[in-house]
Amino acid sequence: MNPYLMFLTPFIAAGSAQFIKILIGHPRKLSFKDLFRLTYAGMPSGHSAFVSSLTMLIALIQGFNSPIFLLSLVFTFIVINDALKLRRYLGKQGEVINTLIKDLKEDQFLDEEYPLLLERIGHTKIEALVGSLLGILVSLIMFFLIDPFLFK
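Please read all numbers here as calculations on a predicted model, not as lab measurements.

**A look at the overall build of the chain**
- The secondary structure content of the chain amounts to six helices and zero strands.
- Ordered by position in the sequence, the α and β elements of the chain form the string α-α-α-α-α-α.
- The 152 residues of the chain split such that 36% are buried.
- Here the contacts in the chain between residues at least 6 apart in sequence split such that 74% fall between residues at least 24 apart.
- Accessible surface, the chain as shown: approximately 9900 Å² in total, 71% of it carbon and sulfur.

The following block contains the structure:
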């Protein structure tokens, strides 16, 4: 496989996930600021798409029995676990902190000094699963369809 295409494939998978997320997540007019806010959560998971694409490419090129594939598989599970659990927990903390700031409205210092935090930065299991499947699909398409025709 062409090394440049191999390098770009996980980014294409993550970019595709982000594009789909924007399409299905916001039917209203988007601002430039919204594009970056949408990258944290939603369907499908861009992080899952990226790492799954990378792992699938390594499996296709090096084989499913290679040590680098197993290392990449462990890395994929860590990233997806982080997207599912740790980032969801951080979102809950943001929700609690935002509630505390709203409850203390009379204190101008809190309103000016502490902006509201994002409350939805984690993924659900289905968002991570769809992101992973998207990443695998993008890798298969790039490996079997795009690469053989563009780089002979």
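**Description of helix H3 (residues 46-62)**
- With 17 residues, H3 extends 24 Å from end C-alpha to end C-alpha; this agrees with the ideal 24 Å at 1.5 Å per step.
- Listed as buried for H3 are Gly 46, Ser 48, Ala 49, Val 51, Ser 52, Ser 53, Thr 55, Met 56, Leu 57, Ile 58 and Ala 59.
- Taken from the residues just after H3, Gly 63 is the one with a positive phi, measuring 105°.

**A few points about the nonpolar core**
- Counting residues in hydrophobic clusters, the biggest one holds seven residues: Leu 5, Ala 13, Ala 17, Ala 49, Leu 134, Val 138 and Met 142.
- When near neighbours in sequence (up to four residues on either side) are disregarded, Val 138 contacts Thr 9, Ile 12 and Ala 13.

**Looking at the layout of surface pockets**
- Quantified by volume, the second largest pocket comes out at close to 170 Å³.
- The wall of the second largest pocket is formed by Met 6, Phe 7, Pro 10, Phe 11, Phe 50, Leu 54, Leu 57, Ile 58, Ile 61 and Gln 62.
- Elements with a contribution of two residues or more to the lining of the second largest pocket: helix H1 (3-25) and H3.
- Split into classes, the residues belonging to the lining of the second largest pocket amount to nine nonpolar, one polar and no charged.

**Here's the deal with the packing of H3 against helix H6 (residues 125-150)**
- Running from amino to carboxyl end, H3 crosses H6 at an angle of 40°, the nearest separation of the two axes being 7 Å. When the axis of H3 is compared with that of H6, the two are oblique. Seen along the crossing, H3 lies across H6 with a hand that is right-handed. Contacts from Ser 48, Ala 49, Ser 52, Ser 53, Met 56, Leu 57, Leu 60 and Ile 61 in H3 reach Ala 128, Gly 131, Ser 132, Gly 135, Ile 136, Ser 139, Leu 140, Phe 143 and Phe 144 in H6.
- Here the contact of H3 with H6 is built from residues that sort into ten nonpolar, seven polar and no charged.

**Some thoughts on the side chain of Ser 53**
- Note that Ser 53 resides in helix H3.
- Look at Ser 53 and you get buried, because its relative accessible area is 0%.
- The residues touching Ser 53, leaving out its near neighbours within four places in the chain, are Thr 9, Pro 10, Ala 13, Gly 135, Ile 136 and Ser 139.

**Digging into a positive patch on the surface**
- Together, Lys 85, Arg 88, Lys 92 and Lys 125 line one region of the surface with positive charge.
- When residues of the positive patch are assigned to their parent elements, the largest contribution, three residues, is made by helix H4 (residues 67-103).
- Owing to a relative accessible area of 51%, Lys 92 belongs among the exposed residues under this scheme.

The rules behind these values
- Every chain is numbered independently, its residues counted from 1 as its sequence is written.
- Two thresholds apply to this predicted model, a pLDDT of at least 70 for residue-level local features and 80 or more for giving and counting side-chain atom pairs, whereas whole-chain, interface and lining totals are computed over all residues.
- Each side-chain value is worked out from all heavy atoms of the structure, with water and hydrogens disregarded.
- Segments assigned H or I by DSSP are reported as helices when at least four residues long, segments assigned E as strands when at least two residues long, and all are numbered from the N terminus.
- Note on classification: 1.4 Å probe, protein chains only; a residue is buried when its accessible area is under 20% of the maximum for its type, exposed when over 50%, partly exposed between these limits.
- In what follows, residue pairs with any heavy atoms lying within 4.5 Å of each other are defined as contacts.
- Each accessible area is a Shrake-Rupley result for a 1.4 Å probe, and residues are judged covered by the shown protein chains and nothing else.
- Helix span is expected to be 1.5 Å times the residue number reduced by one.
- Here, nonpolar core means buried Ala, Val, Leu, Ile, Met, Phe, Trp, Tyr and Cys residues that are tied together by side-chain atoms lying within 4.5 Å of each other.
- Using protein atoms alone on a 1 Å grid, points that fit a 1.4 Å probe yet trap it form a cavity, whereas open point sets bounded by protein on both sides within 12 Å along at least five of seven lines form a pocket; residues with an atom within 4 Å of a point count as lining.
- Grid points are joined across faces, edges and corners, and a volume is the space filled by probe spheres set on the points.
- Only Asp, Glu, Lys and Arg are considered charged in this grouping, and only Ala, Val, Leu, Ile, Met, Phe, Trp, Tyr, Cys and Pro are considered nonpolar; every other residue, Gly among them, is considered polar.
- Only the stretch in contact is used when a helix axis is fitted, and all axes are lines through C-alpha atoms; the angle between N-to-C directions ranges over 0 to 180 degrees.
- Just so you know how the angles are binned, under 35 degrees is roughly parallel, over 145 roughly antiparallel, 65 to 115 roughly perpendicular, and the rest oblique.
- Less than a right angle of anticlockwise turn of the near helix away from the far helix marks a crossing as left-handed, whereas a clockwise turn marks it as right-handed.
- The patch calculation keeps residues exceeding 30% relative accessible area without a salt bridge and links them within 9 Å when they carry like charges or within 5 Å when they are nonpolar (Val, Leu, Ile, Met, Phe, Trp, Tyr).
- Criterion for a salt bridge: a side-chain nitrogen of Lys or Arg within 4 Å of a carboxyl oxygen of Asp or Glu.
- Neither His nor the chain ends contribute to the count of charged residues, in which Lys and Arg are positive and Asp and Glu negative.
- Charge coordinates come from a single atom per side chain, which is NZ of Lys, CZ of Arg, CG of Asp or CD of Glu.

These figures come from the coordinates and say nothing about function on their own.
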